[in-house]
Amino acid sequence: MANKIVTASGKGGVGKSTTAAALGMILSEKGLNTLLVDCDAGLGSMDVLLGKAEETAFNWLDVYNKSCPFDGAAIKINDRLSLLSAPEKKPENADENCLKDIISEIEDKFDYIIFDAPAGIGAGLKRAAIAAEKAVIIATADEVSVRGAEKTDEILRNAGINETRLLINRYSVKDAKKGKLLGIDEVIDKTYVRLLGVIPEDKEISSFSVTRRVSKNSKSLSAFRRVAERIQGKNTKLTLSLIK
């Protein structure tokens, strides 16, 4: 049985899809069969982010409508990582349980399934949440994003997800000290969500969709690796020198 996790955020532009892609890549590198599901119907970007746009012919709506089998729609990223892309238009007649129904038939093939939910608190988030069991809520350390994260947690819990964790992305200690960002403790206190990890600001990650490269010495990559270990249940430090 796969571990099913939804990545979510109340506000767009916080690095949610990049986070989902990074965790998927890292888990697959650890030898774990992993599936990424782009749940953002109409605005899907995971295929572009992973350099597979030209290979995307089918999506999860095609699988749901029986137009294509799962194996025909899933795109291989590497030997252990696959991607199920989002439809180009929002589904008008798809049941809110459609992703759950698709996954129930194939989840035994995977160790981890990561649902990249659309930003916001609409039907797309609920559809992804129903299919998942746990959630990672991504937020940046500003008031707008934090408010969205708090609301997202409420919606996820109403959808039946009781285990939610907070990932603070694009964090800068320098900006926090200058009062340009909230402090880590402030973000936790305002969202009421247990912290999973902190990812530092990193231009390499921001430009990944263009360069397809990240230095092995990248602080953000190291932070994502620690987050992936914590997702696996390992007792790994939240941060290294980030908050010293």
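Look up: the structure comes first, before these words.
Residues numbered from 1 in each chain as written. Predicted model: local features only at pLDDT ≥ 70, side-chain atom pairs only at ≥ 80, totals over all residues. Heavy atoms only, no water.

Colleague: Where do I start with the pattern of salt bridges in this structure?
Modeller: Any two side chains of opposite charge can pair, given that their charged atoms come close. A complete count under the given rule lists 11 salt bridges for this structure. Among the salt bridges present, the one from Glu107 reaches Lys4, with a minimum N-O distance of 2.8 Å. With Glu107 in the loop between helix H5 (98-104) and strand E5 (112-116) and Lys4 in strand E1 (residues 3-8), this residue pair connects regions lying 103 residues apart in the sequence. On the accessibility criterion, Glu107 (9% relative accessible area) is buried. Note on Lys4: relative accessible area 7%, which makes it buried. Close ionic contact of Glu229 with Lys30 constitutes a salt bridge, the shortest N to O distance being 3.8 Å. Residue Glu229 is located in helix H12 (residues 219-231), and its partner Lys30 is located in the loop between helix H1 (16-29) and strand E2 (34-38); the two are separated by 199 residues in the primary sequence. Exposure remark for Lys30: the relative accessible area of 34% places this residue in the partly exposed category. (Salt bridge = Lys/Arg side-chain N within 4 Å of Asp/Glu carboxyl O. Helix = DSSP H or I, 4+ residues; strand = E, 2+ residues; numbered from the N terminus. Buried < 20%, exposed > 50% of the residue type's maximum accessible area, 1.4 Å probe, protein only.)

Colleague: Mind showing me how you'd approach helix H9 (residues 184-191) here?
Modeller: Within the span of H9, buried status applies to Ile184, Val187 and Thr191. Around the axis of H9, the buried residues are gathered within 65° of arc, so they sit on the same side. Of the exposed residues in H9, the ones pointing more than 90 degrees away from its buried face are Asp185 and Asp189. Residues of H9 that are buried sit in contact with helix H7 (143-158), strand E7 (163-171) and strand E8 (195-200). A positive phi of about 60° marks Tyr192, the residue just after H9. (Arc of directions from axis to C-beta. Contact = heavy atoms within 4.5 Å.)

Colleague: Is there a simple way to think about the pairing of E2 in this case?
Modeller: Successive side chains on a regular strand alternate, one facing one side of the sheet and the next facing the other. By the criterion of burial, E2 is predominantly enclosed, with five of the five residues buried. A two-sided burial pattern is seen for E2, the buried positions comprising Thr34, Leu36 and Asp38 on one face and Leu35 and Val37 on the other. Relative to strand E4 (residues 81-84), E2 is paired through four bridges, and the arrangement is parallel. Note on E4: the bridge partner recorded for Thr34 is Leu81. Pairing between E2 and E5: five bridges, direction parallel. The partner of Leu35 across the bridge, within E5, is Ile113. (Pairing = 2+ DSSP bridges.)

Colleague: So what exactly am I meant to see when it comes to the packing of H7 against H9 here?
Modeller: The geometry of a pair of packed helices is captured by two quantities: the angle between their axes and the separation between those axes. Contact geometry of H7 with H9 gives a least axis separation of 8 Å together with a crossing angle of 40°. In this structure, H7 crosses over H9, and the sense of that crossing is right-handed. Contact residues: H7 offers Glu143, Val146, Ala149 and Glu150, while H9 offers Val187, Lys190 and Thr191. Class assignment for the residues of the contact of H7 with H9 results in three nonpolar, one polar and three charged. (Axes fitted to C-alpha atoms, helices over the stretch in contact; angles between N-to-C directions. Left-handed = near helix turned anticlockwise from the far one by under 90°. Nonpolar A, V, L, I, M, F, W, Y, C, P; charged D, E, K, R; others polar.)

Colleague: How should I be thinking about helix H6 (residues 123-131) in this particular structure?
Modeller: Every α-helical turn comprises 3.6 residues, leaving residues that sit three or four positions apart pointing alike. Burial of H6 is extensive: seven of the nine residues sit out of reach of the surface. Taken together, the buried positions of H6 are Gly124, Leu125, Arg127, Ala128, Ala129, Ile130 and Ala131. Contacts made by the buried residues of H6 are with E1, helix H3 (60-64), H5, E5 and H7.

Colleague: Teacher, can you tell me more about the packing of H1 against H12 here?
Modeller: Two numbers describe how H1 lies on H12: the axes approach to 9 Å, and their chain directions differ by 70°. One way to sum up the angle between H1 and H12 is to call them roughly perpendicular. The way H1 lies across H12 gives a crossing that is right-handed. Across the interface between the two elements, Thr19, Ala22, Leu23, Ile26, Leu27 and Glu29 from H1 touch Leu221, Phe224, Arg225, Val227, Ala228 and Ile231 from H12. (Parallel < 35°, antiparallel > 145°, perpendicular 65-115°, else oblique.)

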